[in-house]
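Spelled out from the first residue to the last, the chains are:
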Amino acid sequence: MTVIRSHVIGCGAFLPNTIVTNADLAARMETSDEWIRTRTGIRQRHVAAPGEKTSDLALAAAHAALANANCTVQDIDMIVVATTTPDQTFPSVATMVQARLGMTRGFAFDVQAVCSGFIYALSVADNFIKTGQIRSALVIGAETMSRLMDWNDRSTCVLFGDGAGAVVLNAGEGAGTAADRGVLNTRLFSDGRLHDLLYVDGGPSTTGTTGHLRMQGKEVFKHAVTNITAAIEASAAASGVAIADIDWFVPHQANQRILDGTAKKLGADPAKIISTVALHGNTSAASVPLALATAVADGRIKPGQLVLLEALGGGMTWGAGLIRW
Ligand code: ACO
């Protein structure tokens, strides 16, 4: 049986120039490099310059991914941007990227699932391709989380950073087995009852302001390890793949302790976990494609290997996707 598969034909990333180290934060508030590093693994984060917008970061990552895929925007049918920090409440960042890429065909829209956004966007694009409605998609995760921080709340503002990552998907053929190249499956989950664990205390229909991020860190931690492990197991099982067969895990980069805890619960080799949290901090929907682009660029992820992407975020939302590279 021949099936349509979404092949990943390129990926790219962009980080703003300004780096804020833990020492920089310790100079501004009552915290320390030691506290941040031991609890989160984070050493530094990139922060957008004044006037630098989420769409600027998304556009730069899109250019990098298109160049890596060796294709032009005229080859793209759909742009989907995962973001929780759009330039404006509307229109979408995706349509801004569409205009600035000079794309005069197809369609573009944003997906909002906070830190799980890239997995959701990948799933949407994969399903558009699998149904034959489009042949190619640019999938972007882009965030300026620094703009959502309460800089007086040391328990949250030290965790986040800004950045963007992108992949280009293209329709290909497969036999319908786990040996196929491309996206083998995605698995999405949410539980809206967990709203209060992680949210922003503002919005257009409530305060009329952007608001600030609020989090119950310990509770998020507990749900993260349990739910991410379950999502990974669901994705592996959907394609009949054993956890031990997965070559690389590309997790959402929230906290090194969550990555370590998940690896332990899964019984996965920690050497197979791609970690960029030390250098990027938590970049929400951008973190998975940023980590992916890092591991592809440095040669760790190779054609034919099995790559498992996963994330959890506000909502709560969580999910996983399995790709044969
Ligand atoms: N520097 C110094 N001290 C701090 C800081 C800081 N930046 N932040 C909090 N503290 C203090 C607190 O005030 C508290 O002091 P007290 O004992 O005198 O009251 C103490 O440190 C312990 O605070 P806790 O909040 O209990 O710290 P905890 O050990 O739980 O660590 C953390 C906090 C790192 C956020 C942890 O809960 C965690 O990793 N949670 C996971 C959540 C996460 O990563 N979220 C990211 C977004 S969600 C996602 O992307 C999956």
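Residues numbered from 1 in each chain as written. Predicted model: local features only at pLDDT ≥ 70, side-chain atom pairs only at ≥ 80, totals over all residues. Heavy atoms only, no water.

## Quick look at the environment of Asp-260
Inspection of the secondary structure assignment puts Asp-260 in helix H8 (residues 256-266). Along the chain, Asp-260 and Pro-270 lie 10 residues apart, while their C-alpha atoms are 7.1 Å from each other. (Helix = DSSP H or I, 4+ residues; strand = E, 2+ residues; numbered from the N terminus.)

## Notes on the nonpolar core
Counting residues in each nonpolar core, the largest one holds 44 residues, and the members touching the most others are Ile-243, Ile-246 and Phe-249. Of all the elements in the fold, those that place two or more residues in this core are helix H7 (217-238), H8, strand E12 (306-313) and strand E13 (317-324). Tallying contributions element by element places H7 first for this core, with 7 residues. A domain split of this core shows at least three residues from each of domain 1 (3-174) and domain 2 (182-324). (Core = buried A, V, L, I, M, F, W, Y, C linked by side-chain atoms within 4.5 Å. Buried < 20%, exposed > 50% of the residue type's maximum accessible area, 1.4 Å probe, protein only. Domains from an automatic or database assignment.)

## A few points about the packing of aromatic side chains
Scanning all chains against the criterion turns up 4 aromatic pairs. A centroid spacing of 6.2 Å and a plane angle of 5° characterise the contact between Phe-107 and Phe-109, whose relative ring orientation is stacked. A ring pair is formed by Phe-107 and Phe-128, whose centres lie 5.5 Å apart and whose planes are at 55°; its orientation type is tilted. Residue Phe-107 is located in strand E5 (residues 107-111), and its partner Phe-128 is located in helix H5 (residues 117-130); the two are separated by 21 residues in the primary sequence. Three or more aromatic residues joined by ring pairs form one cluster here, namely Phe-107, Phe-109 and Phe-128. If you follow Arg-28 out to its NZ or CZ, it ends over the ring of Trp-151, 5.2 Å from the centre. (Phe/Tyr/Trp six-rings, centres within 6.5 Å; stacked < 30°, edge-to-face > 60°. Lys NZ or Arg CZ within 6 Å of the ring centre and 35° of its normal.)

## Side note on the layout of surface pockets
Roughly 770 Å³ of volume is contained in the largest pocket. Along its surface, the largest pocket is lined by 29 residues, and Thr-84, Thr-85, Pro-86, Leu-148 and Thr-210 are the ones closest to its centre. Among the elements of the structure, E5 and strand E9 (198-200) are those that each provide at least two residues to the lining of the largest pocket. The greatest single-element share of the lining of the largest pocket, amounting to 3 residues, is contributed by E9. In this structure, the second largest pocket spans a volume of roughly 570 Å³. For the lining of the second largest pocket, the elements supplying multiple residues, two or more each, are helix H2 (33-40), helix H6 (154-157), H7, H8 and E12. (1 Å grid on protein atoms, 1.4 Å probe; cavity = no way out; pocket = protein on both sides within 12 Å on 5 of 7 lines; lining within 4 Å. Points joined across faces, edges and corners; volume = space filled by probe spheres on them.)

## Points about the site of the ligand
Among the 23 residues in the neighbourhood of the ligand, the closest are listed as Thr-31, Arg-154, Lys-218, His-252 and Asn-255. A distance of 2.9 Å is found between a nitrogen atom of the ligand and a backbone nitrogen or oxygen belonging to Gly-217. Side-chain polar atom of Lys-218 to an oxygen atom of the ligand: 2.7 Å apart, as the coordinates give it. Judged by its atoms lying within 2 Å of the grid points, the ligand is housed in the second largest pocket. Top contributing element to the shell around the ligand by residue count: H7, with 4 residues. Tallied by class, the residues present in the shell around the ligand amount to 11 nonpolar, 7 polar and 5 charged. Two domains each provide a minimum of three residues to the shell around the ligand, namely domain 1 (3-174) and domain 2 (182-324). (Near = heavy atom within 4 Å. Polar contact = N/O pair within 3.5 Å; in protein donor to acceptor, adjacent residues only side chain to side chain. Sits in = over half its atoms within 2 Å of the grid points. Nonpolar A, V, L, I, M, F, W, Y, C, P; charged D, E, K, R; others polar.)

## Observations regarding the sheet that holds strand E11 (residues 248-251)
The mixed open sheet is built from 4 strands, whose spatial order is E8-E13-E12-E11. This sheet does not close on itself; its edge strands, each paired only once, are strand E8 (182-190) and E11. Ignoring which end each strand starts from, the neighbouring axes of this sheet average 15° apart. Each of E8, E12 and E13 touches H5; the most contacted strand, E8, lies at about 125° to it. (Pairing = 2+ DSSP bridges. Axes fitted to C-alpha atoms, helices over the stretch in contact; angles between N-to-C directions. Contact = heavy atoms within 4.5 Å.)

## A look at the environment of Ile-119
Looking at where Ile-119 falls in the secondary structure, it is placed in helix H5. Remark: the alpha-carbon pair of Ile-119 and Ala-311, spanning 192 residues in sequence, is separated by 6.9 Å. If we ignore the near neighbours within four places in the chain, the residues touching Ile-119 are Leu-188, Val-288, Leu-309, Glu-310, Ala-311, Gly-319, Ala-320 and Gly-321.

## Some words on the domain arrangement of the protein
What the domain assignment lists for the protein is domain 1 (3-174) and domain 2 (182-324). The centre of domain 1, based on its C-alpha atoms, is set 14 Å off from the matching centre of domain 2. With 53 residues of domain 1 at the interface, the matching set in domain 2 holds 48 residues. Carbon and sulfur atoms make up 67% of the surface buried where domain 1 meets domain 2, a total of about 3,700 Å² over both sides. When residues of domain 1 are sorted by the area they lose upon contact with domain 2, Cys-115, Ile-119 and Leu-148 head the list and together hold 17% of the total. Where domain 1 meets domain 2, there are 1 salt bridge. (Buried area = accessible area lost by both parts, 1.4 Å probe. Salt bridge = Lys/Arg side-chain N within 4 Å of Asp/Glu carboxyl O.)

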